[in-house]
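Fold and geometry: a report
In case you want the letters, here they are:
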Amino acid sequence: MSALLRRYVPIAGWLPSYDRRLLTGDAVAGLSVWALLVPQSLAYASLAGVPAQYGLYTSFVALVAYAIFGTSRHLAQGPSAAVCAVSAAAITPIIGTSALGSDKAIGWTAALAIATGLVYLVLGLLRMGWVSTFLSKAVMAGFVLGFSIGIIIDQSHKLLGVDSVSGSYAQELWGTIKEIPDTSTTTLAVGVCSLTVLLAMRRFAPRWPRMLLVVVAAIAVSAALDLSSHGVAVTGHVPTGLPSVGLPGVGWSETSALLVGALSIVFVGYSESLASARAMASRHHYEIDTDQELIAQGFACGAAGFVGGFASDGSLSKTSVAEAAGQQTQMASLINAALVLLTMLLLAGLFEQLPSATLGAVVIDAMVGLVTFVDWRRYYRVNRADWVFFMGAGLGILFVGITQGILIGVVLSLLLLIARSSRTSVRELGRDPRTGRFHVLSRHEGLELLPGVRIARVDGPLFFADADAFRTRIREIVADEGAPARLIVDAEAVLLTDTDGADILKQVAEELASEGSSLQLASVHPPVLALWERAGLIDALGEGAVFATVQEAVGEPPRVRDPALR
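Here, residues in each chain are numbered from 1, in the same order as that chain's written sequence. Only residues with pLDDT of at least 70 get local features here, since the model is predicted, and only at 80 or more are side-chain atom pairs given and counted; chain-wide, interface and lining totals rely on the full set of residues. Side-chain calculation: all heavy atoms of the structure are included, whereas hydrogens and water are not.

**Quick notes on the overall build of the chain**
Heads up, the condition is: Strands here are runs of E lasting at least two residues and helices are runs of H or I lasting at least four, both read from the DSSP assignment and numbered beginning at the N terminus. Burial classes: relative accessible area under 20% of the type maximum marks a residue as buried, over 50% as exposed, and values in between as partly exposed (1.4 Å probe, protein chains only). A contact between two residues is defined here by any heavy atoms of the two lying within 4.5 Å. Accessibility throughout is a Shrake-Rupley quantity obtained with a 1.4 Å probe, and a residue counts as covered only by protein chains that appear here.
On a plain count of helices and strands, the chain comes out with 23 helices and eight strands. Along the first, second and third principal axes, the C-alpha set of the chain runs to 95 × 60 × 50 Å. The 566 residues of the chain split such that 51% are buried. By sequence separation, contacts in the chain at least 24 residues apart represent 81% of the contacts at least 6 residues apart. For the chain, the computed accessible surface area is about 25,300 Å², with 62% contributed by carbon and sulfur atoms.

Structure follows, in structure tokens:
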């Protein structure tokens, strides 16, 4: 029972044996991440379409939940710009753009967080941690660039003091450009000053908590000069105290829309979380459990939903800050959560005079660090197909919409997987007269073909995606010098197959039989052989058509191997 508890509740394993000598590093890390997390929580809440205090609520419960259920010692859980953007995009069709920031948005955002948590938990209990590998790195890099540019566009209206524009990021850009004549000079000055200081500190003082310092300075200036009376939008009332706990008061009429949104968040959030956790685990030489990471993300998102918050993920930027500050265990997250709790109880009211333009500058500063064209150049230079998928994912986010762009990315990844899986090579083998071993004809000289026998080696899976290509290549091999008496298929490299693979072999066998030839198999792995037996292939080939090795199929014992041939 205790082993099961430690498996699904990892804190039960590390907390009782916590080494107090690590407390100083964890405390410094908790404080460092808190200085970054608080301004980001406030800013990302507006990005998600809910009042600022819900960013603090989300951060608090997400930190605690991940510390209890997560397996990474360094991951810093919290609000993410990309996840918040997806969350807002998912609920906007349900409630309308005008309802963002209202109680209605709070309810639906919380419902989406709970739905996301349930999806994570189901995937984790089904041990589907492998879903993180479904999106190719090229597609994910395109997502990151598209999101980064798009979120900068989305926040630009706050710096100008104009109304927000609905639609895709491209439509938002055009709409914001048309709003420029209505720019509030005072708001623009606040936004530009905030962003300039943030970018300057990023360049010249990267270790300083620039976001917290800029937020504090902006609050002080706003209160001293009464900027709200000069047309500068401010955060407004931010209540102190604990959040209420309960289910969001929404119905189930939009379950399908919530499910689509939840899946979109999982694709984006889990990929970032797992990439951050794996990077830290590799650097510090320990292992993480990808299935348990799904469960941890599920509890973090679900718990946020019960306090009216939004979905979160493991942030690479906050995780990097935590590692640099000396974090060794998730005790740092618990300390961070305690500091966020104190902020909620004692300091939340101070944010009422925080200009929205400064919050927009905080988000833009975070995104500027992600806008890089290194991947664009690398994929273009290394593999044009990867570049096309990279561009497709990024442009889909910018021009089509967030949810639709994610769908485009998933489809592109699926197409990429099928395209590359359908290129399994089928090579003809020849015999080395000195050793009796068989090697690829096209790679070695001096090999001979046996009279009446052709040997084809399948260098990969044989399933629905490459079945037709396999048949075409086999026809090319047997057509070189007329139909042989026998065709031997070396299946040693076939570790994956399906019914289509078995059926294409049956079809090839029938075609060869009509030409007076026969098909034989060699070096078939037991699981593959079992599937082919169930599919009726072995019965169709007849008795004695399966051999342990190619040499056995040919009827000659192997001789001494020449080490020069591989």
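Further notes follow.
**Concerning the pairing of strand E7 (residues 518-522)**
Filter applied, for reference: Only strands joined by at least two bridges in the DSSP assignment are considered to pair. By the criterion used throughout, a crossover qualifies as right-handed when its path from the first strand across the helix to the second strand runs clockwise, the strands pointing away from the viewer.
Buried residues dominate E7, accounting for four of its five residues. Across five bridges, strand E6 (residues 486-490) lies against E7 in parallel orientation. What sits directly across from arginine 486, in E7, is serine 518. Regarding the hand of the β-α-β motif, the stretch spanning E6, helix H20 (residues 499-514) and E7 is right-handed.

**A short note on the nonpolar core**
For the record, the criterion: Throughout this description, the term nonpolar core refers to a set of buried Ala, Val, Leu, Ile, Met, Phe, Trp, Tyr and Cys residues connected via side-chain atoms within 4.5 Å.
Leu42, Tyr44, Phe143, Phe147, Ile151, Tyr169 and Ile406 are the most contacted members of the largest nonpolar core, which totals 98 residues. Excluding its chain neighbours within four sequence positions, the residues that come into contact with leucine 42 are Ala52, Leu56, Phe351, Leu354 and Leu359. Counting 28 residues, the second largest nonpolar core, distinct from the first, contains Val426, Ile474, Val494 and Val508.

**Remarks on the packing of helix H9 (residues 185-204) against helix H15 (residues 356-368)**
Going by this rule: Angles here are taken between N-to-C directions and fall from 0 to 180 degrees, while the axes themselves are lines fitted to C-alpha atoms, restricted in helices to the stretch in contact. Crossing handedness is read from the near helix: turned anticlockwise from the far helix by less than a right angle, it gives a left-handed crossing, and turned clockwise, a right-handed one. Classification used: nonpolar for Ala, Val, Leu, Ile, Met, Phe, Trp, Tyr, Cys and Pro, charged for Asp, Glu, Lys and Arg, polar for all others including Gly.
Direction vectors running N to C along H9 and H15 enclose 35°, while the axes themselves pass 8 Å from each other. Between H9 and H15 lies a crossing of right-handed hand. Of the residues in H15, those in contact with Thr187, Val190, Gly191, Ser194, Leu195, Leu198, Leu199 and Arg202 of H9 are Ala357, Thr358, Ala361, Val362, Ile364, Asp365, Ala366 and Val368. Residue composition of the contact of H9 with H15, by class: ten nonpolar, four polar and two charged.

**Brief notes about the pattern of salt bridges**
Side chains carrying opposite charge are able to pair once their charged atoms draw close together. Under the convention used in this document: Between Lys or Arg on one side and Asp or Glu on the other, a salt bridge is scored when a side-chain nitrogen of the former is within 4 Å of a carboxyl oxygen of the latter.
Applying the stated rule across the entire model yields 15 salt bridges. For arginine 454, the salt bridge goes to glutamate 428, with nearest N and O atoms at 3.5 Å. Pair noted here: arginine 454 is in strand E5 (residues 453-458) and glutamate 428 is in strand E3 (residues 426-431), with a separation of 26 residues, a long-range link. In terms of burial, arginine 454 and glutamate 428 fall into one category: buried. Where arginine 471 meets glutamate 511, a salt bridge forms, and the shortest distance between an N and an O atom there is 3.0 Å. With arginine 471 in helix H19 (residues 467-478) and glutamate 511 in helix H20, this residue pair connects regions lying 40 residues apart in the sequence. Of the residues examined, arginine 471 reaches a relative accessible area of 27% and is grouped as partly exposed. By sharing partners, the salt bridges in this structure join Arg471, Arg475, Glu511 and Glu515 into a single network.

**Re helix H8 (residues 169-179)**
Under the convention used in this document: The arc in question is the one spanned by the directions pointing from the helix axis to the C-beta atoms.
Every buried residue of H8 is listed here: Tyr169, Glu172, Gly175 and Thr176. The buried side chains of H8 occupy one side of the element, clustering within an arc of 120° when seen end-on. Turned more than 90 degrees off the buried face of H8, the exposed positions are Trp174 and Lys178. Close packing links the buried residues of H8 with helix H5 (81-95), helix H7 (137-160), helix H17 (384-400) and helix H18 (402-421).

**Examining the sheet that holds E7**
Reading across from one edge, E4-E3-E5-E6-E7-E8 is the order of the six strands in this open sheet, with mixed pairing throughout. The open sheet has two edge strands, strand E4 (438-440) and strand E8 (546-547), and neither has a second partner. Pairing between E7 and E8: two bridges, direction parallel. Counted as the bridge partner of alanine 522 is phenylalanine 547 from E8. Those strands touched by H19 are E3, E5 and E6, and its axis lies near 30° from that of E3. Here H20 sits on the sheet in contact with E6 and E7, set at roughly 140° to E7.

**Here's the deal with the side chain of threonine 435**
Just so we agree on the cut-off: Between N or O atoms, a polar contact is any pair within 3.5 Å; within protein, one atom must be a potential hydrogen donor and the other a potential acceptor, and residues adjacent in sequence are included only when both atoms are from side chains.
Tracing the chain through its elements places threonine 435 in the loop between E3 and E4. You can call threonine 435 buried: its relative accessible area is 4%. At 3.0 Å, the side chain of threonine 435 forms a polar contact with the side chain of aspartate 432. Looking at threonine 435, its side chain comes within polar contact range of the main-chain nitrogen of arginine 437, at 3.2 Å.

**Focus: unusual backbone geometry**
Although it is not a glycine, aspartate 226 sits at a positive phi angle of roughly 50°. With respect to the element layout, aspartate 226 can be found in the loop between helix H10 (210-225) and helix H11 (255-284). Under the relative-accessibility criterion, aspartate 226 is labelled partly exposed at 38%. In the Ramachandran plot, serine 523 falls in the positive-phi region, its phi being about 55° despite a non-glycine side chain. Here serine 523 shows up in the loop between E7 and helix H21 (526-534).

**Some details on the side chain of aspartate 154**
Short version of the rule: In this charge count, Lys and Arg are treated as positive and Asp and Glu as negative; neither His nor the chain ends contribute.
Tracing the chain through its elements places aspartate 154 in helix H7. No salt bridge is formed by the buried aspartate 154, whose closest oppositely charged neighbour, lysine 158, lies at an N-O distance of 6.2 Å. The contacts of aspartate 154, once residues within four sequence positions are left out, are Leu47, Tyr169 and Glu172.

**A look at the environment of phenylalanine 399**
The topology assignment puts phenylalanine 399 in helix H17. A C-alpha to C-alpha distance of 9.5 Å links phenylalanine 399 and glycine 146, two positions 253 residues apart in sequence. Those residues within four positions of phenylalanine 399 in sequence are excluded, and the remaining contacts are Ser168 and Ala170.

**Remarks on empty space enclosed by the protein**
Rolled over the atoms, a probe sized like a water molecule indicates the empty space that remains. Rules: The way it works is a 1 Å grid over only the protein atoms, where trapped points that fit a 1.4 Å probe form a cavity and open points with protein on both sides within 12 Å along at least five of seven lines form a pocket, and then any residue with an atom within 4 Å of a point lines it. Grid points are joined across faces, edges and corners, and a volume is the space filled by probe spheres set on the points.
Going through the model one piece at a time under the given rule, you end up with one cavity of 30 Å³ or more. Quantified by volume, the largest cavity comes out at close to 40 Å³. Lining the largest cavity, in full, are Leu429, Gly430, Arg431, Phe438, Glu448, Leu449, Leu450, Val453, Arg454 and Ile455. Elements represented by at least two residues in the lining of the largest cavity include exactly E3 and E5.

**A few points about a nonpolar patch on the surface**
Convention followed: A patch consists of residues whose relative accessible area exceeds 30% and which take part in no salt bridge; residues with like charges are grouped when within 9 Å of each other, and nonpolar side chains (Val, Leu, Ile, Met, Phe, Trp, Tyr) when within 5 Å.
The grouping of Leu242, Leu342, Leu345, Leu346, Leu347 and Leu350 at the surface amounts to a nonpolar patch, some 580 Å² of accessible area in total. Mapping leucine 350 onto the fold places it in the loop between helix H14 (331-347) and H15. A relative accessible area of 54% means that leucine 350 is categorised as exposed.

None of the figures reported here should be taken as evidence of function without further support.
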